[in-house]
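What follows is each chain in one-letter form.
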Amino acid sequence: MYIYQKSASNYFADMTNSLDERLVTLEEFIIQAQNRFPGATGELSQLLRDIGLASKIISREVNKAGITNILGNDGTTNIHGEAVKRLDLFADEQLISALERSQITCMVISEENDGIVRLRSQGGKYIVYLDPLDGSSNIDVNVSIGSIFSIYMREPRYEPTVKEEDALQPGVRQVAAGYVLYGSSTTLAYTTGLGVSLFTLDPSIGEYILTKRKITIPTKGTIYSINEGSYNSWDLGLKKYIKYCQEEHAETKRPYSARYIGSMVADIHRTLIKGGIFIYPHSKRYPKGKLRLMYECNPLSFIIEQAGGKATNGERRIMEIEPLAIHERTPIYIGSPENVDRVMEFLYEYQEQAV
Ligand code: AHM
Ligand code: MG
């Protein structure tokens, strides 16, 4: 009897603890955060909820992609004779229509659209950048992919119709940013500039559950993440840094580990949790880098900086770059602060020397 009572009380104590921790949904968390700012209109909260909802629909389709034959190119038909939609276009449509519904976003810029997308609500005060499904080369092989978002205020609001120039704001002006990783579970991370919170989608109840508040990146890590296939066209400083990573390090008596998924969201998520560095440099093939400043590098830099990390293009902080075009590219060095500082030392030391 005694044993029973003891274990039962432990059970209930455990359950109470876990209820407190586990059952905070994304919706509740956003509302709690909003309530801390008495003047808040709730519009940003609504916008984050819209993105959260669209991402659940995308997650569902990503998970059944193989079954429903949703993979493939436009113009093909599936076994039901329906037009097959590429998953990245599907994700784009879901996110944009979620933002359209709530009428607080005036413009969307997405990797899937060459120009700006003006939404019906031209008075809406938010501009949203999207990479609806990043890492698309991984879709067909069942490797993690992700969605990225970055939110700005439209200012100044003199003109009745929003213009592309309104969207050309440096990353430091982001009011919120985040990503959704469709991996072994679906994880959502976002920041509004007050730290980074992490949520995991519980598919059985269809809710994102808070898994970590105020996550911090390790100050130093032992993983480097770069597409080493381009080694021959890197700057000398970067080559030397990667060789340094491959040396035996005094603290661990082993070299750093190389990990490269080829989906930026997944590589950044690992970097956030385990520390280390992710690099996509400029190269002969990509003289300005491959990754997009506005909907890949800025939002992920905002997340990493809010977790205590750093992000630079090799010369300056990513989030301070003044954008000239909505789809512009940039090199990026991002991750644990000590790793980013170290690669900068190498780049600086060898900058004058030819490759
Ligand atoms: P995408 O937007 O066309 O999917 O390209 C971006 C992706 C990133 O997720 C990833 O880090 C990078 O491209 C991988 O590029 P590479 O194959 O050149 O290493
Ligand atoms: Mg992309």
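Relevant structure appears above.
Rules used throughout
- Residues numbered from 1 in each chain as written.
- Chains lettered and ligands numbered in written order.
- Predicted model: local features only at pLDDT ≥ 70, side-chain atom pairs only at ≥ 80, totals over all residues.
- Heavy atoms only, no water.
- Helix = DSSP H or I, 4+ residues; strand = E, 2+ residues; numbered from the N terminus.
- Buried < 20%, exposed > 50% of the residue type's maximum accessible area, 1.4 Å probe, protein only.
- Contact = heavy atoms within 4.5 Å.
- Areas by Shrake-Rupley, 256 points an atom, 1.4 Å probe, with all protein chains shown as cover.
- Near = heavy atom within 4 Å.
- Polar contact = N/O pair within 3.5 Å; in protein donor to acceptor, adjacent residues only side chain to side chain.
- Pairing = 2+ DSSP bridges.
- Axes fitted to C-alpha atoms, helices over the stretch in contact; angles between N-to-C directions.
- Arc of directions from axis to C-beta.
- Salt bridge = Lys/Arg side-chain N within 4 Å of Asp/Glu carboxyl O.
- Parallel < 35°, antiparallel > 145°, perpendicular 65-115°, else oblique.
- Left-handed = near helix turned anticlockwise from the far one by under 90°.
- Nonpolar A, V, L, I, M, F, W, Y, C, P; charged D, E, K, R; others polar.

*Asks:* Explain the overall build of the protein to me, please; I cannot follow it from the model alone.
*Replies:* Across its full length, the protein carries nine helices and 13 strands. Looking at the protein residue by residue over its 355 residues, the buried ones come to 51%. For the protein, the proportion of contacts with a sequence separation of at least 24, taken over those separated by at least 6, is 62%. Carbon and sulfur atoms make up 50% of the accessible area of the protein, which totals about 17400 Å².

*Asks:* When you look at the site of ligand 1 in this model, what are you seeing that I'm missing?
*Replies:* Inspection of the region around ligand 1 gives 15 residues, with D134, G135, Y260, M264 and Y280 positioned closest. A distance of 2.6 Å is found between an oxygen atom of ligand 1 and a side-chain nitrogen or oxygen belonging to D134. The protein chains hide 82% of the 470 Å² of surface that ligand 1 would expose on its own. Elements with a contribution of two residues or more to the shell around ligand 1: β3 (126-134) and β11 (277-280).

*Asks:* Looking at this model, I keep getting lost on the environment of G335. Mind explaining?
*Replies:* With respect to the helices, strands and loops of the structure, G335 is situated in strand β13 (residues 332-335). In this structure G335 comes out as buried when scored by relative accessible area, which is 0%. Residues G335 and F278, spaced 57 residues apart in sequence, show a C-alpha to C-alpha distance of 6.1 Å. Residues within four places of G335 in sequence aside, it is in contact with I217, T271, G276, I277, I304, G309, K310 and V340.

*Asks:* Is there a simple way to explain unusual backbone geometry in this structure?
*Replies:* Both trends apply: most residues other than glycine have a negative phi, and most peptide bonds are in trans. Even without a glycine there, the phi angle at N142 is positive, about 60 degrees. For N142, the location among the structural elements is in the loop between β3 and β4 (145-153). Looking at N142, the relative accessible area reads 76%, which means it is exposed.

*Asks:* Would you explain the sheet that holds strand β10 (residues 257-258) in this entry?
*Replies:* In a beta sheet, neighbouring strands pair by backbone hydrogen bonds and run either parallel or antiparallel. Taken in spatial order, the five strands of this open sheet run β10-β9-β11-β13-β12, and their pairing is mixed. On the outer flanks of this sheet lie β10 and β12 (310-312), each paired with one strand and no other. Sheet analysis places strand β9 (residues 223-225) next to β11, joined by two bridges and oriented parallel. What sits directly across from Y224, in β11, is I277. In this fold helix α8 (residues 293-306) packs onto β12 and β13, with an angle of close to 30 degrees to the strand it touches most, β13. The sheet contacts of helix α9 (residues 337-349) involve β11, β12 and β13, and relative to β13 the element is tilted by about 150 degrees.

*Asks:* Please clarify how helix α2 (residues 26-35) should be interpreted in this entry.
*Replies:* Because an α-helix packs 3.6 residues into every turn, residues spaced three or four apart end up facing the same way. Of the positions making up α2, those classed as buried are L26, F29 and I30. Within α2, the buried residues cover an arc of 100 degrees as seen down the axis, which keeps them to one side. Turning to α2, the residues buried within the fold contact α3 (43-63), β6 (186-191), β7 (196-202) and β8 (207-212).

*Asks:* What exactly am I supposed to notice about the pattern of salt bridges here?
*Replies:* Charged atoms that come close allow side chains of opposite charge to pair. For the structure shown, the criterion picks out 15 salt bridges. A salt bridge links K56 to E207; the shortest N-O distance between them is 3.9 Å. With a gap of 151 residues between them, K56 in helix α3 and E207 in strand β8 connect regions that are remote in the sequence. What makes E207 partly exposed here is its relative accessible area of 26%. Residues participating in the shared-partner salt-bridge network are R60, E61 and K64.

*Asks:* I keep staring at the sheet that holds strand β2 (residues 117-118) and nothing clicks. Help me out?
*Replies:* One open sheet accounts for eight strands, arranged β2-β1-β3-β4-β5-β6-β7-β8; its pairing is mixed. At either margin of the open sheet sits one strand with a lone partner, and together these are β2 and β8. Looking at chain direction, β7 and β8 are connected through five bridges and run antiparallel. Looking at the pairing, F199 lines up with L210 of β8. Strand contacts of α2: β6, β7 and β8, with the helix running at about 10 degrees to β6, the strand carrying the most contacts.

*Asks:* In this structure, what is going on with the packing of helix α7 (residues 264-274) against α8? I would like to understand it.
*Replies:* The description of two helices packed together rests on the angle between their axes and the distance between the axes. Following both chains from N to C, one finds α7 and α8 inclined at 15 degrees, their axes separated by 11 Å at the closest point. The angle between α7 and α8 falls in the class roughly parallel. By crossing handedness, the relation of α7 to α8 is classed as right-handed. Here M264, I268 and L272 of α7 lie close against α8, whose contacting residues are E296, C297, L300, I303 and I304. By residue class, the composition of the contact of α7 with α8 is seven nonpolar, no polar and one charged.

*Asks:* What is the right way to look at the pairing of β7 in this model?
*Replies:* A regular strand places its side chains so that they alternate between the two faces of the sheet. Most of β7 sits inside the fold, with five of its seven residues counted as buried. Pairing between β6 and β7: five bridges, direction antiparallel. For Y190, the partnering residue across the bridge sits in β7 and is S197. Hairpin connection from β6 to β7: four residues lie between these consecutive antiparallel strands, with G193 at a positive phi of about 95 degrees. Between the end of β7 and the start of β8, which pair antiparallel, lie four residues, with G206 showing a positive phi angle near 65 degrees.

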